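Okay, here's what each chain looks like letter by letter:
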Amino acid sequence: MAKVTLFKAYPFEVGQKIRIEGSPRSGDWEVVKVTEHKVTLRCPISKRDMTWSRFCYFADKREMDWPQP
């Protein structure tokens, strides 16, 4: 037997408000489009959309101010 760490891709949903931490993509984002392989996120400050390969994994869920000042 071995200790194994399992990762599961996060099931994004359009309209979700998310915060990414510990990544070059860190910050507040809104999910605006989801496909099988890509996710499009919108910055709530600049309103700029960015499309990336799906990369996030669920870590925690909590009530907090969004976007962060």
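Check the entry above for the structure.
Figured I'd write up the structure that's included with this text. (Residues numbered from 1 in each chain as written. Predicted model: local features only at pLDDT ≥ 70, side-chain atom pairs only at ≥ 80, totals over all residues. Heavy atoms only, no water.)

Further remarks concern the sheet that holds strand E2 (residues 27-34). The four strands are arranged E1-E2-E3-E4 in an open sheet whose pairing can be described as antiparallel. Sheet topology places strand E1 (17-20) and strand E4 (49-53) at the edges, where each strand pairs with a single neighbour. Geometrically, the sheet is characterised by an average inter-axis angle of 40° between neighbouring strands, direction not taken into account. With four bridges joining them, E1 and E2 adopt antiparallel strand pairing. Of the residues in E2, the one forming a bridge with Ile20 is Gly27. (Pairing = 2+ DSSP bridges. Helix = DSSP H or I, 4+ residues; strand = E, 2+ residues; numbered from the N terminus. Axes fitted to C-alpha atoms, helices over the stretch in contact; angles between N-to-C directions.)

The next thing to look at is the side chain of Gln16. Looking at the secondary structure, you find Gln16 in the segment before E1. At 2.8 Å, the side chain of Gln16 forms a polar contact with the side chain of Tyr10. Within the structure, Gln16 has its side chain in polar contact with the backbone nitrogen of Glu13 (distance 2.7 Å). For Gln16, the contacting residues outside a window of four places in its chain are Tyr10, Pro11, Trp29, Glu30 and Val31. (Polar contact = N/O pair within 3.5 Å; in protein donor to acceptor, adjacent residues only side chain to side chain. Contact = heavy atoms within 4.5 Å.)

Take the pattern of salt bridges next. Overall, the coordinates contain three salt bridges when judged by the stated rule. A salt bridge links Glu21 to Arg19, with the shortest nitrogen-to-oxygen separation between them at 3.4 Å. (Salt bridge = Lys/Arg side-chain N within 4 Å of Asp/Glu carboxyl O.)

Let's shift gears to unusual backbone geometry. A cis amide bond links Trp66 to the next residue, Pro67, at an omega of -5°. Considering the arrangement of structural elements, one finds Pro67 in the segment after E4. Located in the positive-phi region is Lys47, a residue other than glycine, with phi close to 65°. Mapping Lys47 onto the fold places it in the loop between strand E3 (38-42) and E4. A relative accessible area of 55% places Lys47 in the exposed class. (Buried < 20%, exposed > 50% of the residue type's maximum accessible area, 1.4 Å probe, protein only.)

Here the focus is the nonpolar core. Grouped together as the largest cluster of nonpolar side chains are 11 residues: Tyr10, Phe12, Ile18, Ile20, Trp29, Val31, Val39, Leu41, Cys43, Trp52 and Phe55. Of all elements in the fold, only E1, E2 and E3 reach the threshold of two or more residues within this core. Once you skip the residues sitting within four places of it in the chain, Leu41 turns out to touch Ile18, Ile20, Trp29, Glu30, Val31, Val32, Arg48, Asp49, Met50, Trp52 and Phe55. (Core = buried A, V, L, I, M, F, W, Y, C linked by side-chain atoms within 4.5 Å.)

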